[in-house]
Amino acid sequence: MTASPGVLDELTRLRARLPQVTGALAASVDGLVLARDTPDAEAEGVAALTAAALGVAVRLTEATGQGGFRELLVRGDSGYVATYAAGPAAVLTVTAEPRVNVGRLHLEARRAGARIGELVESAIDRTDRPDRTDRQDRQDRTDRQDRTDRHERRAPHTSTPG
């Protein structure tokens, strides 16, 4: 799978919006690097580890009845590693300094992940269906964004102890 050039642009914009982000990597769910904006030369290794962590996280959310995977946050002594779903075929992994505002990290990375997911899906659609027009692709992206917006506006389910 090859990602569109827009994926790297999205990673660059994410790092510009959050200066405490030290690296950003988009990868397939299989662990192949799609794009990276990180000084770390070990992008392939991080992508492979992300795929392994994603497998465990997906099973954990399913086994506990929490639904589909959305994100994973790991805090170490020297900072954070966060992985976000980027559509069904890709993930966004971000490294950040320990002083990052985690709420803002989530906000910005979730948005970037959604856009990366759209870009990757569009690239897959073009590969799978080269006869599609740009207008059809734009309509599909709009439809997916509408579904995402409706899903995010729903109030989270909470239960009260009885």
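Figured I'd write up the structure that's included with this text. Here the structure is a predicted model, which means the values were calculated and not measured. (Residues numbered from 1 in each chain as written. Predicted model: local features only at pLDDT ≥ 70, side-chain atom pairs only at ≥ 80, totals over all residues. Heavy atoms only, no water.)

As a further point, take the sheet that holds strand 1 (residues 21–28). On the basis of which strands lie adjacent, the open sheet formed by five strands has the order 2-1-5-4-3 and antiparallel pairing. Strands at the two margins of the open sheet, each flanked by one partner only, are strand 2 (33–37) and strand 3 (71–76). With strand direction ignored, the average angle separating the axes of adjacent strands in the sheet is 15°. Sheet topology places strand 1 next to strand 2; four bridges connect them, and they run antiparallel. Within strand 2, the position partnered with alanine 24 by the bridge is aspartate 37. (Pairing = 2+ DSSP bridges. Helix = DSSP H or I, 4+ residues; strand = E, 2+ residues; numbered from the N terminus. Axes fitted to C-alpha atoms, helices over the stretch in contact; angles between N-to-C directions.)

Here the focus is the pairing of strand 1. Across the eight residues of strand 1, seven count as buried, placing the element largely inside the fold. Where strand 1 folds back on strand 2, the antiparallel hairpin that results is connected by four residues, among which glycine 31 adopts a positive phi of roughly 95°. (Buried < 20%, exposed > 50% of the residue type's maximum accessible area, 1.4 Å probe, protein only.)

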